[in-house]
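# Chains, contacts and geometry: an overview
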2 protein chains.
Amino acid sequence: MSGNRTDLYEIRMALSYLRRDMCAPATFSLFVRALPQSRGFLVAAGLADCLSFLEDFGFTDAELAALERITGLDVTPLAGLRFTGEVRAVEEGRVVFAGEPLLEVTAPLAQAQLVETALLNLVTHQTAIAAKAARCRIAAAGRDLVDFSARRTHGPDAAMAAARASAIAGFAGTSYVAAADRYGLAASGTMAHSYVQAFPDERAAFEAFAADFPASSVFLVDTYDTLTGVDRAIEVARRMPAHQPVGVRLDSGDLHTLSWVTRKRLDDAGLTGSRIIASGGLDEHSIARLVAAGAPIDVFGVGTRMGVSSDAPALDSVYKLVDLDGRPTMKLSAGKVGIPGRKQVFRPTGRPADVLAAHDEEVPRDHEPLLTTVVRDGRRIGPLRTEAELVQDARDRFTADLAWLPAHARDLVDPTPVRVRVSDRLHALAEHVRRSLCSQPI
Amino acid sequence: MSGNRTDLYEIRMALSYLRRDMCAPATFSLFVRALPQSRGFLVAAGLADCLSFLEDFGFTDAELAALERITGLDVTPLAGLRFTGEVRAVEEGRVVFAGEPLLEVTAPLAQAQLVETALLNLVTHQTAIAAKAARCRIAAAGRDLVDFSARRTHGPDAAMAAARASAIAGFAGTSYVAAADRYGLAASGTMAHSYVQAFPDERAAFEAFAADFPASSVFLVDTYDTLTGVDRAIEVARRMPAHQPVGVRLDSGDLHTLSWVTRKRLDDAGLTGSRIIASGGLDEHSIARLVAAGAPIDVFGVGTRMGVSSDAPALDSVYKLVDLDGRPTMKLSAGKVGIPGRKQVFRPTGRPADVLAAHDEEVPRDHEPLLTTVVRDGRRIGPLRTEAELVQDARDRFTADLAWLPAHARDLVDPTPVRVRVSDRLHALAEHVRRSLCSQPI
């Protein structure tokens, strides 16, 4: 019941439709018009939250009272409204490209219109973060990644979403406790500089930490002098029971050089099983450089730049009316011409060459349809999954799609997305609708 | 009660402190180390949410159970924990610069540590957005701005925060209904392209809208052909009662040229009181260009780029231990050396020249201290304010500070922030602490 979590224009339009009994089924298509320049692909995310939103959709009495106060309009037509429509969607974790619908909503016009703001918000945000995290995964080339972004995401809920989206993209864990709990993720956490500062000296801090957390002692070594810190960590670690895993976290300076020196000192001290964790302003580019240079880093803690998708914090996503009562529609605004009609995406097995097709075209041989029906008559269909299972399923899907993704789309610097061909039938439909719009007196 | 909305390392450190009875009062200072290159100033925001978080801080039984499950640690020392400390802060809406504390928390060490993640998250996000919105205000040079960002912020809560932060920066309204309700803002909303498409033709759509919302008819004219749309809007508007305000929204194409042609056609039709609203991917730079060119645009609808602070979606914010039990502390990490001790910021009246000082230095003549005590013994002090009053107060403060801000700091392209001088006493303290750290065997 969060009907007012929407833009006012959705309310106005819905009221106008309802007053005029314009209740025909409408299909809106949610897609990204163009990828950010640096992106060769996106990773679908946000669907689970969309479905929760739709199931709960409606206006409380307090919301209706607020709406009436704000607008001065009679909003009683909105009382008792629920979402009773259908949703077809690309599952979370799938790789997607520009122009491919992530979601298609078919419902009585007012309903389908009212949910626009929330669906766009959830899908845009989470898909952007998942795509950024996926780039970090590509850069890490098999080494572990942990989400450290909670302190600088756009609010606490965005921290939850960043932990989840990065888990879908293959991160091994998160620092955010609430997200680890809710989504069944591994929680990761060491110490801050303040911990070292709170003790009389660094050695005392490391000894206290080792005593209190013998099963997970990772020492942050750069509070004062990094290599002195490494030596202190080694001294303390060597006095710990031999089978306990220890680690060293490097959080500043030249991570490449420091990781080599640290590895050598750890190995020389017989701590060959110890791990080196690197953090501090990392993103896919710095990770790729460290990996390419062979830096002996076992785990990358990735924070802000992933958590806000720093170079592309938003996507050019839209929610467009593509069909009204069986009549395909499109707009002709300058630079924003769309393709009308309900759609499907066909993905060939083993070949990077998607096809954007009409929703009811026959699936070509050796192709898989990406959109499936996930809500019918306003209710989720399919087996009930826990939050943890949803994330695990999405992560598995992304792992499979990542193997399918060609090198030119995975490229981190100058990627070329997979080409999405428009099917002959959809192309003909677009031409037909465009011509009829241009010929009629609008 | 959202104790688990934190990073795991805060929990580990707090447990370690509590087990060892390290309960001395600690002061952490929250500040931005360096401004993003394009920023000449920041606008403090997020404090209200921080205070709500601190008042409610603690761990529910469910959170403790989850923590124990996740960490395998005995977390009973956290049961019953509350925030009982003091907070000194810069009020929302004030202009701030790098190195100036936005917040200083003084509390028993474990408490002050545990709240780090949440406070950093809230202040960083909202301050970043308020600063971006402030740049739009500068660019608009007195014309109205409206927040249209809800559809692409980082989650629904970020949409609330963007509406609030932009209101603090001086936006005249928001499209987001829930935020208008909660924060007492003007709600703004017209129609989408889908509305026009839902009718047999554009004229029918405009007529329906005018009939349903005679008091606020803004016509979106670019669904098919913009200037034809303008003519249709004029036809419909001229048949409306003469005293009703009407408007035209331009959402694509060359906004400068279109706004001139639109204005001329509206005026020629006698609709001189009508307003032109521009939207579509606007930010401070495109607004500044349109204003400089004299485009007759009355209202700018600003969405995504403001709502995610697209060119600087995060700030280099930190929460640093600066004092423990009366002993000033600092770290020496490469490139991240801090200034120890509790602080105050003195701002001279009428002159752009802040002073970063020790917290107990005497206020110099004609200077104002920016940090005031807002929480004592864990409780908010000062008069109770409604959500709407908090926003209005902050907006008034920003308006005053904007008048104080020199042109070089307001510059949108290559700004130079106001210089922040470190007081002699604070400088001497930093030298003293650094020397004692470097001389002792750490």
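Residues numbered from 1 in each chain as written. Chains lettered and ligands numbered in written order. Predicted model: local features only at pLDDT ≥ 70, side-chain atom pairs only at ≥ 80, totals over all residues. Heavy atoms only, no water.

## Digging into the sheet that holds strand 7 (residues 173–174) of chain B
All names here are of chain B. One open sheet holds the six strands; their spatial order is 7-6-11-10-9-8, and the pairing between them is parallel. Taken across any chain shown, the strands that pair with only one partner, and hence form the sheet edges, are strand 7 and strand 8 (217–220). Bridge analysis of strand 6 (residues 144–147) against strand 11 (residues 299–302) gives four bridges, and the strand direction is parallel. Of the residues in strand 11, the one forming a bridge with Asp 147 is Val 302. (Pairing = 2+ DSSP bridges. Helix = DSSP H or I, 4+ residues; strand = E, 2+ residues; numbered from the N terminus.)

## Focus on the sheet that holds strand 12 (residues 317–324) of chain A
Residue and element names in this part refer to chain A. With antiparallel pairing, the seven strands of this open sheet are ordered in space as 13-12-1-5-3-17-18. For this open sheet the edge positions go to strand 13 (327–328) and strand 18 (379–380), each flanked by a neighbour on one side alone. Pairing of strand 1 (residues 25–32) with strand 12 involves seven bridges; the strand directions are antiparallel. Each residue of the ladder has a partner; that of Ser 29, found in strand 12, is Lys 320. Against the sheet, helix 5 (residues 116–140) engages strand 1, strand 5 (103–108) and strand 12, with an angle of about 135° to strand 12. (Contact = heavy atoms within 4.5 Å. Axes fitted to C-alpha atoms, helices over the stretch in contact; angles between N-to-C directions.)

## Points about the interface of chain B and chain A
Counting residues at the interface gives 104 residues for chain B, matched by 104 residues for chain A. In total, about 8400 Å² of surface goes out of reach between chain B and chain A, with carbon and sulfur atoms giving 54% of it. With a closest N to O distance of 3.6 Å, Arg 19 of chain B and Asp 212 of chain A form a salt bridge. Counting across the interface, chain B meets chain A through 56 residue pairs in polar contact (both at pLDDT 80 or more). With ten residues, the top contributor of residues to the side of chain B that touches chain A is helix 1 (residues 8–19) of chain B. A breakdown of the residues in the side of chain B that touches chain A according to their chemical character gives 50 nonpolar, 28 polar and 26 charged. (Buried area = accessible area lost by both parts, 1.4 Å probe. Salt bridge = Lys/Arg side-chain N within 4 Å of Asp/Glu carboxyl O. Polar contact = N/O pair within 3.5 Å; in protein donor to acceptor, adjacent residues only side chain to side chain. Nonpolar A, V, L, I, M, F, W, Y, C, P; charged D, E, K, R; others polar.)

## Describing the relation of the copies chain B and chain A
After a rotation of 180° and a shift along the axis of 0.0 Å, chain B superposes on chain A with an RMSD of 0.0 Å. The transformation just described matches what one would write down for a two-fold rotation axis. Distance from the rotation axis, computed per C-alpha, reaches its smallest value in chain B at His 154 of chain B: 3.0 Å. Both copies present the same face, since 99% of the interface residues in chain B are matched by interface residues at the equivalent positions in chain A. (Least-squares fit on C-alpha atoms with pLDDT ≥ 70 in both.)

## Description of the packing of helix 10 (residues 226–238) of chain B against helix 11 (residues 255–268) of chain B
Residues and elements named next belong to chain B. The geometry of helix 10 relative to helix 11 is characterised by a closest axis approach of 10 Å and an angle of 25° between their N-to-C directions. The angle between the axes of helix 10 and helix 11 places the two elements in the roughly parallel class. Judged by the sense of rotation from one axis to the other, the crossing of helix 10 with helix 11 is right-handed. Here helix 10 contributes Thr 226, Leu 227, Val 230, Asp 231 and Ile 234 to the contact with helix 11, which in turn contributes Leu 258, Val 261, Thr 262, Arg 265 and Leu 266. Looking at the contact of helix 10 with helix 11 residue by residue, the class counts come to six nonpolar, two polar and two charged. (Parallel < 35°, antiparallel > 145°, perpendicular 65-115°, else oblique. Left-handed = near helix turned anticlockwise from the far one by under 90°.)

## Structural notes on the side chain of Glu 284 of chain A
Residues and elements named next belong to chain A. Summarising the element assignment, Glu 284 is placed in helix 12 (residues 284–292). For Glu 284, a relative accessible area of 0% puts it in the buried group. A polar contact is formed between the side chain of Glu 284 and the side chain of Arg 135, at a distance of 2.7 Å. (Buried < 20%, exposed > 50% of the residue type's maximum accessible area, 1.4 Å probe, protein only.)

## Observations regarding the domain arrangement of chain A
All names here are of chain A. According to the domain assignment, chain A consists of domain 1 (8–129 + 314–439) and domain 2 (138–307). Centre-to-centre, using C-alpha coordinates, domain 1 lies 38 Å away from domain 2. Across the contact, 22 residues belong to domain 1 and 21 residues belong to domain 2. For the pairing of domain 1 and domain 2, the buried interface totals around 1700 Å² over both sides, and the portion due to carbon and sulfur atoms is 64%. When the area that domain 1 buries against domain 2 is broken down by residue, the three leading residues are Ile 129, Arg 395 and Leu 412, summing to 35%. At the junction of domain 1 with domain 2, the criterion picks out two salt bridges. (Domains from an automatic or database assignment.)

## Things to note about the pairing of strand 5 of chain A
All names here are of chain A. Burial within strand 5 is extensive, with five of its six residues counted as buried. With six bridges joining them, strand 1 and strand 5 adopt antiparallel strand pairing. The partner of Pro 25 across the bridge, within strand 5, is Pro 108. Strand direction decides the pairing type here: strand 3 (residues 86–90) and strand 5, joined by four bridges, are antiparallel. Bridge pairing in strand 5 places Glu 86 opposite Thr 106.

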